Every structure is written in C-alpha cells, then in structure tokens.
Amino acid sequence: MSYKELYRENNENIKERYEIVSERIRTISNMKEAELSIEEKYASFFVKISKYLVKLQDVLEMEKEGKLLSLSFEDGEKLNKSLFNEITKENYESSFANPTFAVKKLGKDFGQMFSAIYASVIRCIPSVFQGDYTFLCIYQELILEIYTTMQDEEGFTYKAIKDSYYWFKHDYIEVVMEDRVNKLIDPEYDYYRTLIDSAKDGIDYLYRYGFYISNDEIESAKYLETFSDEEIQKMANTYTEGYRIGFEVTGKDLTIKDKVEIRYPIGFERMVAAAIRNFEKLNLKPILKPFSTSANKQFDYDHREDAGLILDKAIVERGLESYRCAFEKKKTQARGYAGPAVIEVFGEEPFSPITKEENVKLSDKQQKLSVYNKSESSQIVNKYIVGEERSFTIIAYPIPSIGEKYKEIFAETVKLNTLDYNFYKDMQQKIIDVLDTGDKAHIVGKNGNKTDLYVNLYKLNDPTKETIFENCVADVNIPVGEVFTSPVLKETTGKLHVSQVYLNGLNFINLEIDFKDGMIENYTCTNFESEEDNKKYIKDNILMNHETLPMGEFAIGTNTVAYKMADTYKIADKMPILIAEKTGPHFAVGDTCYSYDEDNMTYNPDKKAIVARDNEISILRKEDYSKAYFNCHTDITIPYNELGRISVITKSGESKDIIVDGRFVVPGTLKLNEPLDEMDRMTE
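Analysis parameters
- Residues numbered from 1 in each chain as written.
- Predicted model: local features only at pLDDT ≥ 70, side-chain atom pairs only at ≥ 80, totals over all residues.
- Heavy atoms only, no water.
- Helix = DSSP H or I, 4+ residues; strand = E, 2+ residues; numbered from the N terminus.
- Rg over C-alpha atoms; globule rule 2.2 N^0.38 Å.
- Buried < 20%, exposed > 50% of the residue type's maximum accessible area, 1.4 Å probe, protein only.
- Contact = heavy atoms within 4.5 Å.
- Areas by Shrake-Rupley, 256 points an atom, 1.4 Å probe, with all protein chains shown as cover.
- Lys, Arg positive; Asp, Glu negative; His and termini not counted.
- Charge placed at Lys NZ, Arg CZ, Asp CG, Glu CD.
- Pairing = 2+ DSSP bridges.
- Right-handed = clockwise from strand over helix to strand, strands pointing away.
- Axes fitted to C-alpha atoms, helices over the stretch in contact; angles between N-to-C directions.
- Core = buried A, V, L, I, M, F, W, Y, C linked by side-chain atoms within 4.5 Å.
- Parallel < 35°, antiparallel > 145°, perpendicular 65-115°, else oblique.
- Nonpolar A, V, L, I, M, F, W, Y, C, P; charged D, E, K, R; others polar.

## Points about the overall build of the protein chain
Then comes step 1: A count of helices and strands for the protein chain gives 25 helices and 19 strands.
Then comes step 2: In summary, the protein chain has a C-alpha radius of gyration of 26 Å against a globular reference of 26 Å for 684 residues, a match within 12%.
Then comes step 3: Dimensions along the principal axes, computed over C-alpha positions, put the protein chain at roughly 85 × 55 × 55 Å.
Then comes step 4: Taken across its 684 residues, the protein chain has 58% of its residues classed as buried.
Then comes step 5: At a minimum sequence separation of 6, the contacts of the protein chain that also span at least 24 residues come to 77%.
Then comes step 6: Summed over all atoms, the accessible surface of the protein chain reaches about 28,700 Å², with 49% contributed by carbon and sulfur.
Then comes step 7: Of note, the protein chain has its 88 positive side-chain charges centred 1 Å away from the centre of its 117 negative side-chain charges.

Put into structure tokens, the structure is as follows:
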C-alpha cells in the first residue's frame, strides 16, 4: 500500500465537508474587506488568511491531477515563494503570522490567537503536497466557525472565539496523534521515497516536498550531483555502518527490527538513496523524515509557546491518551522500529532571537504541565519502542551558507567523519586509564573563562574488569573523539562558564551555570539587558522549563583535528554540537547518555564493563519512571583555548593532569596536540 492509498479512504470520508468549506473560504477570499459583515479591524485578517487557504486548495488540486510530481524547477520555485513569502524576513514584519504585527492590528488577545492559527495553517503545507485533505479541511472549518461567530454581534466575545479554538484543539488531538504515530513507524507513508527516486533525473524534485527551499538545498543538491557514485557510496557507508555497529557494540539484536527512520536534509537525496540500499540489505525499510533550512528562525521562535493559548490538564491528558491509543493500534509495527539514523547539517548564520512581549508565553503552571507531558509521552514511546532494543546514529555535513569555502569544508568534513578509529581508540584508552584512578575530576578555565568545577566520579569495585568512562569511537556518534561518563551528583559542585556557545541553534553569550551536588543551582548569560530575560532564555532553551537539571554527562573531547578545522575556516560559531562536543571537555545537563538503557551493560574495546551508567536521579526509575528522566540532554563545550586544566584527584589526594593549558599531557597522547601546535605555528 502506498501513501496515496493510505490517504484515499479518509479523503473520501471528508470530501463533502472539504468541498463545502473550501467554497465558503473561496467566497470570503474574493470579497473586499468592507464587504465582510464583521468588525472592520478584523476583516483584513480573514481576507488574508482566506486567500492563503485558497492557495493551498489550488495546490491540493494540482496534487489530485498529478501535476505536483511533474512540476518544473521554475514553476516549483514560483509556487514555493508564494507559499512561504508570508514568513520570509523581508515580508514577516507585515504578516499576520508575526505576533507583533497581529497584536498591533488586532489587539493582544485576538492578535496572539489569530497569529498562532496563521502559523498552524502554514505548517499544513507538507500534508497538502502529499494529497491529504485532513488538516486543510479542519483549519478551514475553524476559520469559518470563528468568522461566523464574529458575524453575530450579540454572541461575539473573545471568550466565545477562544472556546472555539480550545475545542478545536481538544477535539482533533486524536487525529494529530494518529498522524504523528503513523508517520513515525509506518514505511508505507512513502511520499518522500518517490522524491528520492526522482532525484536521479535532476533537481526539479526539490520543490515537490512542500518545504521551504533555499539556496542551501539547491546548491547542496547540485554539489552532490558532481560526486562520483563511489564517493556517494563511501559517505553512505560511513553513515549506515555507524548505525549497524551501534547495535553490535551494545549487544542489541538488529535482526528483530524491520524499519529505520532516516532524518535527512533536503538536497542530500543521492546519499540517502545509497543509504536506503544499504539499510535494505539489513532488512530495514526506510521511514523518511526530510527537513530544510528554516524560512525564518524568528518565526519559529515567536511561535514556540503558542500552546499557552489552550494548554491545561484536560488537553494534556487527552493528548496522552490519544498518543497511547495510536501506539496501541500500531504496537506490532512499533516494536520493529530500530531507531533514527540522522544526517545533520551546519553552516547557517548563528541565530540570536528577539524577545517579544507580543509572543504567547507559557505560565508557570503550563510550564510544569509541559514538562509532565513530555515525561509521560516519553514513557509511552519507550513502552512501544523499547529503549533497550533500539539505537541510533548521527553524522553531519556543511551546507553552502557556511561560506565561500564550502566545498573545501565539505571535503574536510568527509575526512573528519572517517578518521582512524584505532588511533583514537588507543589515545582515549590511555586517558581513561588515568581517569579511572580518580575520585574526582577538577576542571579550571583560563583566558577569562571562569570555570572552576569539581566532578565526582563513580567508584569502581574491580578496576581490572570495570571502567568509569566510555571509549567513544565512530559508531552512533560520528565523528570519533570523546570519552564520557555519568557523574555522581553528590559533591559535583562549582561553576561552568563559556564565553560563547551555540546550543540547539541558539547563541548564548557568557553562559554561566552553577552546580551544587550535581544539580543546577543558578544560571545567567549576557544575551539581553534584562537579567529576567537572560534567565528565561536559559530556562526555556537549556533547562527546557524544568526548575533544575542534573549534570548528566562529563566528557573530554579528543578530536583536535575538528578543532583545527573550525579555527582554520573560522566556523567555530557554526559547528554543530555533534562535532563541537569533540573539541574540548563538555558537560551535558539533563539525562545521562544511557537514559532508558541503563541496565544494558556495554563494554569498551578493552573488554571492561562501563559501569558508570546511572546517577542518583536516573536510578529512581526502579521506583517511578516519572522521577528518573527529564527527556533532554544538552552538551555545553569549553574550547581548548579557554581550558586551563583538567586533572583527576585520587582518594589519597594525588592530582594527575589530563590537559594543561589546552594541551593533552597524559603519556602517549601527545600526538593529539599536533593539530593544535600547527594552529600556533600558523599564527606566529
């Protein structure tokens, strides 16, 4: 069964509803603002959004007639611009999708709500391109219901409109959750496979996704077209072998799985096609999850908390029950899901958001509900897609936004992703041998870095058979280059500071986090003039609305080649966490690296058991899962040039250095310093 057949029955069921509401919306779109029988200041919104919905109707008609899959590059470009012009930087200031503009025109209450609705309509585009009537139909019905209510002078109140929006969100949660689960675990939703297959005939396919397409997607596709089949195959092999080895080294049985989720950047279809062939040899069917560069990150940021308009206990509980039921219907298929294989990209200009008073913000109560919802949702997923049975892999490549040396950086990244496994394995083992003798680690910054932090280490019972740190080579986490552990929280205390770091696409300046007994006690940065804004920025985007988080990981990155590459091309501010975490010590706040997999013992290449898998929080899973996990994990890296010293302190009080003044000093590891020494010579 293909995606068309999967949508056909539902489309037939709602066809009459869709046609009736579409005709009404088209009528409104053809009216002048003065002709609308509602209060004048709201008329412009309804005309505007109706015209936009008519565009989506036309796209759905094109799909029905088979015209989308034969769309030329030129026609596709025009269509893409017409659909996303609303939110591109040059037009966003005068768009109802911008809360600032909407609030100015409509007032705070209606402005926030109508802007949120507009943003949701724009996010329907991919489903429309696939020929799914559902979401376009229900959002048109919502707009028409609100418009009709506003025509009634006596019945028209903000509460009446908000109630319509609330019950719309409440009643369609089941539809949303079923769609989410189906597309997570069912390979028969294969629309994107048709685009992968058509990529061999040129780059016209790019505009058939229904995603915003920028120069990055176009030039990435063009550049990969110049690669030989052998070069593409090598890239795919590095990626899929990392995935396969991830199962092997953790003792998980890949043969009981039958599907793999492939998350990939649009423009990388040649590599993905080769990866699909590799996965199929492992009897894994692909579930394709493409993504593109954002049309406007400020738009994304402005709408990140729109749920605050309706979020309450009833909505959360209905959502969780619907999510559970959707998984229950697909429980056999869910068990076959092996985990995600992710291709990340890097190179976009770093983004520092503008905080706006007009944006919807979660209340304190809603933040707690959001945390609860995420925790419960994670447990539902783990019930049906068992954590101990799944794995993942991540690899990253640059995109053209990185600058004029894009092709050079791409070539260097390919080399980075295939560095000598054995060299790093041996270097890292020497570091681990010293770390394993320690009771605590002490990390101190330099060159203005105020870090002064003690990390309490797990205590080994049998050092001949056990180890504290994992020797991480290139399998699930490409490229190679780190050793890591789960710290003991008690007596893990001090300050972590970085002058600048990019986390989840956001820039943090002078980020400081103070730990007491392994938990975040205080935090600040200097992004904004207001300390209140700085704290909210960190709480929203690092603490993920939790009141505090534990230090879930302490690691030492050893990939000095990556550090040199970032310095040579002046792209340190554009490096993804995946690579940046290998370029210095890093500390993750949130869950450990072994979350939901603590009891599955794994071993280093020297056959020692990696025993530091839990901390005082994660062990609570044996009593109550909801108390054990935070469902977030954010790595914060100190670069070598801000690192004064890393040492371990033994029980007897002896101090053993690992890194001094940004250089590795463990006997036998000095070769790791060669890229750093080359950097110094280049600046002399």
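## Description of the pairing of strand β1 (residues 259-265)
Then comes step 1: Judged by how many residues are buried, β1 sits mostly within the fold: six of seven residues are covered.
Then comes step 2: The pairing of β1 with strand β3 (residues 337-346) spans four bridges and is classified as parallel. Bridge pairing in β3 places Arg263 opposite Val342.
Then comes step 3: As paired elements, β1 and strand β2 (residues 285-291) share seven bridges and run parallel to each other. Residue pairing for β2: Tyr264 is matched across the bridge by Pro290.
Then comes step 4: What joins β1 to β2 is helix α14 (residues 269-281), and the crossover it makes is right-handed.

## So, the side chain of Asp540
Then comes step 1: Looking at the element boundaries, Asp540 is found in helix α21 (residues 531-541).
Then comes step 2: Among the residues examined, Asp540 registers a relative accessible area of 9% and is labelled buried.

## Some remarks on the sheet that holds β2
Then comes step 1: Taken in spatial order, the four strands line up as β2-β1-β3-β4 in an open sheet, and their pairing is parallel. Edge positions in the open sheet fall to β2 and β4 (393-398), since each of these has one partner strand only. Ignoring strand direction, the axes of neighbouring strands in this sheet form an average angle of 20°.
Then comes step 2: The sheet strands contacting helix α10 (residues 173-185) are β1, β2 and β3, and the helix crosses β2 at an angle near 120°.
Then comes step 3: Running at roughly 170° to β1, α14 makes contact with β1, β2, β3 and β4 of the sheet.

## A word on the nonpolar core
Then comes step 1: In this structure, Phe46, Phe114, Ile117 and Phe327 are the most contacted members of the largest nonpolar core, which totals 150 residues.
Then comes step 2: The element contributing the most residues to this core is helix α2 (residues 40-64), with twelve residues.
Then comes step 3: Counting residues in each nonpolar core, the second largest holds 64 residues, with Phe469, Val501, Phe515 and Val589 among its members.

## Let's talk about the environment of Glu412
Then comes step 1: Note that Glu412 resides in helix α19 (residues 406-416).
Then comes step 2: Glu412 sits 149 residues away from Val561 along the chain, and the two C-alpha atoms are 9.7 Å apart.
Then comes step 3: When sequence neighbours within four positions are dropped, the list of residues in contact with Glu412 reads Met565 and Tyr569.

## Topic: the packing of α19 against helix α22 (residues 560-568)
Then comes step 1: The interhelical angle for the contact between α19 and α22, taken along N-to-C directions, is 175°, at an axis separation of 11 Å. Between α19 and α22, the angle is such that the two are roughly antiparallel. Residues Ile409, Glu412, Thr413 and Leu416 of α19 form the contact with α22, whose participating residues are Val561, Ala562 and Met565.
Then comes step 2: Along the lines of polarity and charge, the residues of the contact of α19 with α22 split into five nonpolar, one polar and one charged.

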